[in-house]
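Below, each chain spelled out in residue letters.
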Amino acid sequence: MHARITGTGSCLPPTVVSNDDLVARGVDTSDQWIVERTGIRYRHLAEDGQKTSDLALAASLKAIEAAGIEAAKIDLIILATSTPDYIFPSSACLLQSRLGIGGAAAFDVQAVCSGFAYALAIAEKFIRSGSHRCALVVGAEVFSRILDWNDRGTCVLFGDGAGAVILEASQEPGILASALHADGAQHGILEVPGNVCGGRVIGEPFVRMDGPAVFKYAVRVLAEVAQEVLDGAGMDAAALDWLVPHQANIRIIQSTAKKLGLPMEKVVTTVDRHGNTSAASIPLALDTAVRDGRIRRGDLLMLEGVGGGFTWGAVLLRF
Ligand code: ACO
């Protein structure tokens, strides 16, 4: 039994914010600096009151429609996010309620920007075990809620959004190999070091990052995990039709492609328009390229993510 993606969907909040808009809002930066260092030109930011589960619901409904299934068929919901609606219940349970499909297993995965790769690899294992047949796998974030707008080193990098896939049991190959890793000793290079305790925020409820350290770590582990997954499937990078990487920074993406010997024409990039949407970035990029016709049925895809924890992972699949 294989696990195959049968539908994709995504959602971006309507408010588009350019680099110049950030300057106008008082961020001490410039369009030139952001574009040169990151490749980011725009990001979408959630409206006041718009929550992760709102974006997740819209993306999920599109994925369900694309897969041509009834929502009631879904027996597993895994939602990757670092910006859940509540401490509990999970955003996956809130999403399930809004889909009106009680009974399916539902839980969140917290692996920051690697969250979607983690969630997809987990869902595949449930399906391959035979315990579940139809998974809704979502990456959704309102990352703007944990940005310190006085920290120009981080606030220019991120955006909000959601992406979703339906992963179904299939006789045809879908996911071919995956690998997940973490190194908790690196937690301090990218973190939101805050907590709620006794009704107060303890620590800092904002993203804190050592940018150069994250950059170096990301470039190394992304190339390693991509090769590990290819080796696991007995394949060569030359066989890939598309690399769909986490959209953190165009220079990280270019470096990974170069290490794999892939031309940028085979890399899906949305970082210029979406910024870094953390767990949402891979499924958002995937859905964008599916809907604009670049990614077609039968294509060989490598999805890979890296983020806080430190965490990283990759999934090789036949679409
Ligand atoms: N606008 C203008 N200047 C800035 C900005 C900004 N937005 N941010 C930082 N600077 C300044 C710094 O203050 C510093 O000035 P100084 O030399 O006078 O002290 C200078 O630019 C260089 O700062 P660095 O942090 O060394 O800049 P660097 O070239 O490393 O680029 C960046 C910073 C873009 C964050 C880079 O380190 C990076 O991309 N790292 C990866 C981080 C990332 O992608 N994180 C996303 C989350 S993790 C993930 O998804 C994988």
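Everything below is about the structure printed above this text.
The model shown is predicted, which means the values in this text are computed figures rather than measured ones.

**Overview of the site of the ligand**
- Close to the ligand lie 22 residues, the nearest being Thr29, Arg37, Arg152, His246 and Asn249.
- Within the contact set of the ligand, a nitrogen atom lies 2.7 Å away from a side-chain nitrogen or oxygen of Thr29.
- In this structure, an oxygen atom belonging to the ligand sits 2.4 Å away from a side-chain N or O atom of Arg37.
- The protein chains hide 72% of the 1000 Å² of surface that the ligand would expose on its own.
- With respect to the pocket detection grid, the ligand is positioned in the second largest pocket.

**Overview of the sheet that holds strand E13 (residues 242-245)**
- Here four strands make up an open sheet; going across it, the order is E8-E15-E14-E13 and the pairing mixed. Taken across any chain shown, the strands that pair with only one partner, and hence form the sheet edges, are strand E8 (175-182) and E13. Taken pair by pair, the neighbouring strands of this sheet meet at an average axis angle of 10°, ignoring direction.
- By the bridge criterion, four bridges tie E13 to strand E14 (residues 300-307) in an arrangement that is parallel. Considered in E14, the bridge of Pro245 is made with Glu304.
- Where helix H5 (residues 115-129) meets the sheet, it contacts E8, E14 and strand E15 (311-318), and its direction lies at approximately 130° from that of E8.
- Taken strand by strand, helix H7 (residues 211-233) contacts E8, E14 and E15, and its axis lies near 145° from that of E14.

Quick notes on the rules
Residues numbered from 1 in each chain as written. Predicted model: local features only at pLDDT ≥ 70, side-chain atom pairs only at ≥ 80, totals over all residues. Heavy atoms only, no water. Near = heavy atom within 4 Å. Polar contact = N/O pair within 3.5 Å; in protein donor to acceptor, adjacent residues only side chain to side chain. Areas by Shrake-Rupley, 256 points an atom, 1.4 Å probe, with all protein chains shown as cover. 1 Å grid on protein atoms, 1.4 Å probe; cavity = no way out; pocket = protein on both sides within 12 Å on 5 of 7 lines; lining within 4 Å. Sits in = over half its atoms within 2 Å of the grid points. Pairing = 2+ DSSP bridges. Helix = DSSP H or I, 4+ residues; strand = E, 2+ residues; numbered from the N terminus. Axes fitted to C-alpha atoms, helices over the stretch in contact; angles between N-to-C directions. Contact = heavy atoms within 4.5 Å.

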